[in-house]
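Letter by letter, the chains look like this.
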Amino acid sequence: MAASGRGLRRALRASPLPAWRQAHLGARGNLKPEYDAVVIGAGHNGLVAAAYLQRLGVNTVVFERRHVIGGAAVTEEIIPGFKFSRASYLLSLLRPQIYTDLELKKHGLKLHLRNPHSFTPMWEEGTEGKVPRSLLLGTDMAENQKQIAQFSQKDAQGHHELKPTQPQLTTKVYTIHLCCFLVFSPNAGHNLQNHRHVSLFNQKFPNLAEDRNHLESFAFFSCFSGGPSITHNLSDHPGRTQTLEPGVTAEAFPRYEEFMNRLVSAIDPLLDVAPVDVAAFQHGSLLKRLKSLFTLKPLLQAGLTLGAQLPQYYQVLTAPITKVLDQWFESEPLKATLATDAVIGAMTSPRTPGSGYVLLHHVMGSLEGMPGAWGYVQGGMGAISDAIANSATAHGANIFTEKTVAKVQVSSGGCVQGVVLQDGTEVRSKVVLSNASPQITFLKLTPQEWLPEEFVGRISQLDTQSPVTKINVAVDKLPNFLAAPNAPGDQPLPHHQCSIHLNCEDTCLLHQAFEDAMDGLHSHRPIIEFCIPSSLDPTLAPPGCHVVSLFTQYTPYTLAGGKGWEEQEKNAYADKVFDCIEAYAPGFKGSVVGRDILTPPDLERIFGLPGGNIFHCAMSLDQLYFARPLPLHSSYRSPVPGLYLCGSGAHPGGGVMGAAGRNAAHVVFGDLKSM
């Protein structure tokens, strides 16, 4: 039911031209033979990298293979009159520095913040005419507690006696993997004489040496480096504060929010800098190792923030999210609602170890100074890409659409010297930044003879499984939920602006949906995140009509028996999703004007997402921070000098965050200065 590509382009061209495209036309679209930097792909990270580089005086060009910029952050008029955020659909994770540095508000970005933000209606039979229950969550904690109390008074308020953790422990043994060992000697851990480096470390960081809590924090976070270890007995700090264990707090939900916010505040600074350069520690010169020592600062700061509660926070990052939530709450609707953030976009169950980090990734955002806020972008997600592009071109960057990069050019000396476009045009440059996935960058665009065989093998083995099928729907009336009936006149109510969670009454439902996919089937009862951006932004649809975004899972890339996603199979799955929605909101199916079904293979083909994975590769603990995309290659640099990653396959990962583009731009600028 989607419009043809030709009709879509006509619809887009009829819209007012964004400033970046006007600048391109004003320059008559002249492509120069040489630039300082080439960016492959005009996804939001690529645009952010170009904007920062251009502001730093690096002459930059961006090549995009599609007719529209934005990558997955794009607005497309799939059905005439209805403008869809076709892939990504919500904004929260965009780094505040980017919003400010690139003056995105000045360049046209307008936001609609959502409050409340989460609505989970119950599918309850036999209620004898009563309105089914629902769970509505927002920024008002008192109202949240009232909502949660429908399902559990204990989860809302808590009735446990306060039970602090022991304020004093006679002795604790801390295994300290001192990263400074890596600075001074790759073999430092093999003999005891290296204890002298502890004193050198103390001289470097005198404040840390004075405070045992600081050393605890350093011990915990530095262990991720995999370096050699020594053992110390450290006496307790007399000023240790009492902390409450999960599940035994006076007010369970408020304390859970406080607990998670503290973890967010610890990890948040790590997003804005390149990871610890492990390669420099292990293989660099003494000077490089000393310089790399200072990249430990954000890790140390994270440890300082978490302090004595490190073990509890470690569990959040490594345990199944069900285990974490079971320690806090008893009501399944609340646990299932919170658990959706731990599995969304990930081929994992809430019972999968490490699923807690994905939840954390989705709650660490903010909008306009409001922590944890999510919102809609006026005009759809493409408007944020336009604003970033406007900022880039305002400073002189060039952006070309329908220009596919076919190959990264490498000199006889093994250094990048530009790119070759699909039409054979050669464009020279000092550096190339790829916003494409690691797989496309290194397995398709880079000449294989310049890449180590082991590196190529590990890139090809990255976990890219995706459970997502995105369905964009045009409807001619506002959905009407049994659990929250529409008001007269069908004007949007607060719950219509939320992420509406369907088939999420119980974490067992989430797990069963995952199990179906493991058997090669699409879920019998899919998890559905249902959003109506036109409830806050009426410019997206004709009067009285709405656009609906359905982010659904689980759907495997290949179905049982090796079957592909033929049109019949795609429509059968979409019909199943619509049947589920009908049970919560009768009349929905009859309101549908048209739909656009994007299975994992479609997401891969259209947006270049490997396996349909919205993060480029899984956000699992073995593919994060200095292991993203691979250990020793997490600094945005590649084995080919002058070739960099700047997309979601690099630290800190997926989501419309922009951090990978910003961080990569600063690394590139530093390297250019040293050339």
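Residues numbered from 1 in each chain as written. Predicted model: local features only at pLDDT ≥ 70, side-chain atom pairs only at ≥ 80, totals over all residues. Heavy atoms only, no water.

Chemist: Explanation requested: the overall build of the protein chain in the structure shown.
Modeler: For the protein chain, the helix and strand inventory stands at 25 helices and 22 strands. The 675 residues of the protein chain split such that 58% are buried. If you take every contact in the protein chain between residues at least 6 apart in sequence, the share linking residues at least 24 apart comes to 74%. Carbon together with sulfur atoms contributes 52% to the accessible area of the protein chain, which is approximately 27,000 Å² in total. (Helix = DSSP H or I, 4+ residues; strand = E, 2+ residues; numbered from the N terminus. Buried < 20%, exposed > 50% of the residue type's maximum accessible area, 1.4 Å probe, protein only. Contact = heavy atoms within 4.5 Å. Areas by Shrake-Rupley, 256 points an atom, 1.4 Å probe, with all protein chains shown as cover.)

Chemist: What should I look at first to understand the pattern of salt bridges in this one?
Modeler: Following the criterion strictly, the structure yields 22 salt bridges and no others. Linking D602 and K570 is a salt bridge whose minimum nitrogen-to-oxygen distance equals 3.0 Å. With a gap of 32 residues between them, D602 in helix α24 (residues 600-607) and K570 in helix α23 (residues 567-584) connect regions that are remote in the sequence. As far as burial versus exposure is concerned, D602 and K570 are alike and both buried. Where R595 meets D575, a salt bridge forms, and the shortest distance between an N and an O atom there is 3.0 Å. With R595 in strand β21 (residues 592-598) and D575 in helix α23, this pair connects stretches of sequence that are 20 residues apart. Each of R66, E76, R86 and D596 takes part in a single network of salt bridges with overlapping partners. (Salt bridge = Lys/Arg side-chain N within 4 Å of Asp/Glu carboxyl O.)

Chemist: What's the story with the side chain of N398 in this structure? I'm lost.
Modeler: Tracing the chain through its elements places N398 in strand β13 (residues 398-400). A relative accessible area of 16% means that N398 is categorised as buried.

Chemist: Just checking my understanding: could you explain the packing of helix α20 (residues 438-445) against helix α21 (residues 453-460) for this structure?
Modeler: Think of two packed helices as two axes; the pair is described by the angle between the axes and how far apart they sit. Packing of α20 against α21 leaves a shortest axis separation of 10 Å and a crossing angle of 135 degrees. On the basis of the axis angle, α20 is oblique to α21. α20 and α21 meet at a crossing whose hand is left-handed. Contact with α20, carried on its side by P438, Q439, F442 and L443, involves F455, V456, I459 and S460 of α21 and no other residues of that element. A breakdown of the residues in the contact of α20 with α21 according to their chemical character gives six nonpolar, two polar and no charged. (Axes fitted to C-alpha atoms, helices over the stretch in contact; angles between N-to-C directions. Parallel < 35°, antiparallel > 145°, perpendicular 65-115°, else oblique. Left-handed = near helix turned anticlockwise from the far one by under 90°. Nonpolar A, V, L, I, M, F, W, Y, C, P; charged D, E, K, R; others polar.)

Chemist: Hey, could you run me through α20 in this one?
Modeler: Along an α-helix, residues three or four apart share an orientation, since each turn contains 3.6 residues. Every buried residue belonging to α20 is among P438, Q439, T441, F442 and L445, and all of these are buried. Buried residues along α20 sit in contact with β1 (34-40), β14 (405-410), β16 (426-434), α21 and β22 (643-645).

Chemist: Even after reading the chapter, I still don't get unusual backbone geometry, so can you show me in this structure?
Modeler: Apart from glycine, the bulk of residues carry a negative phi angle, and the bulk of peptide bonds sit in the trans form. The omega angle of the peptide bond from Q553 to Y554 is 25 degrees, so this bond is cis rather than trans. Mapped onto the elements, Y554 comes out in the loop between β20 (546-553) and α23. Of note, the amide linkage connecting H651 to P652 takes the cis form, showing an omega dihedral of 5 degrees. As for its placement among the helices and strands, P652 is situated in the loop between β22 and α25 (659-674).

Chemist: What am I meant to see in the confidence of the model for the protein chain here?
Modeler: Caution applies to low-pLDDT regions: their predicted coordinates should not be interpreted in detail. Chain-level pLDDT for the protein chain is 84 on average; 82% of the residues reach the 70-or-more range. Counted against residues more than four places away or in other chains, residues 1-14, with its pLDDT under 50, gives 20 contacts. In the model, residues 159-245 has pLDDT below 50 throughout and makes 140 contacts with residues more than four positions away in sequence or in other chains. (pLDDT = per-residue confidence, 0-100.)

Chemist: Any chance you could explain the environment of K323 here in plain terms?
Modeler: You can see K323 is positioned in helix α16 (residues 321-328). In this structure the C-alpha to C-alpha distance between K323 and G356, which are 33 residues apart in sequence, comes to 9.4 Å.

Chemist: So what exactly am I meant to see when it comes to the packing of aromatic side chains here?
Modeler: What characterises a pair of aromatic rings is the spacing of the ring centres plus the angle enclosed by the ring planes. The final tally for this structure, using the stated rule, is 17 aromatic pairs. When the ring of Y256 is compared with that of F329, the centres are 5.1 Å apart and the planes differ by 70 degrees; the resulting orientation is edge-to-face. You can see Y256 sitting in helix α11 (residues 252-267) and its partner F329 sitting in the loop between α16 and α17 (332-343), a full 73 residues away along the chain. By relative accessible area, which is 4% here, F329 ends up buried. Note on F259 and W328: the rings are 5.3 Å apart at their centroids and 50 degrees apart in plane angle, and the pair reads as tilted. Within this pair, whereas F259 is found in helix α11, its partner W328 is found in helix α16, the two being separated by 69 residues in sequence. (Phe/Tyr/Trp six-rings, centres within 6.5 Å; stacked < 30°, edge-to-face > 60°.)

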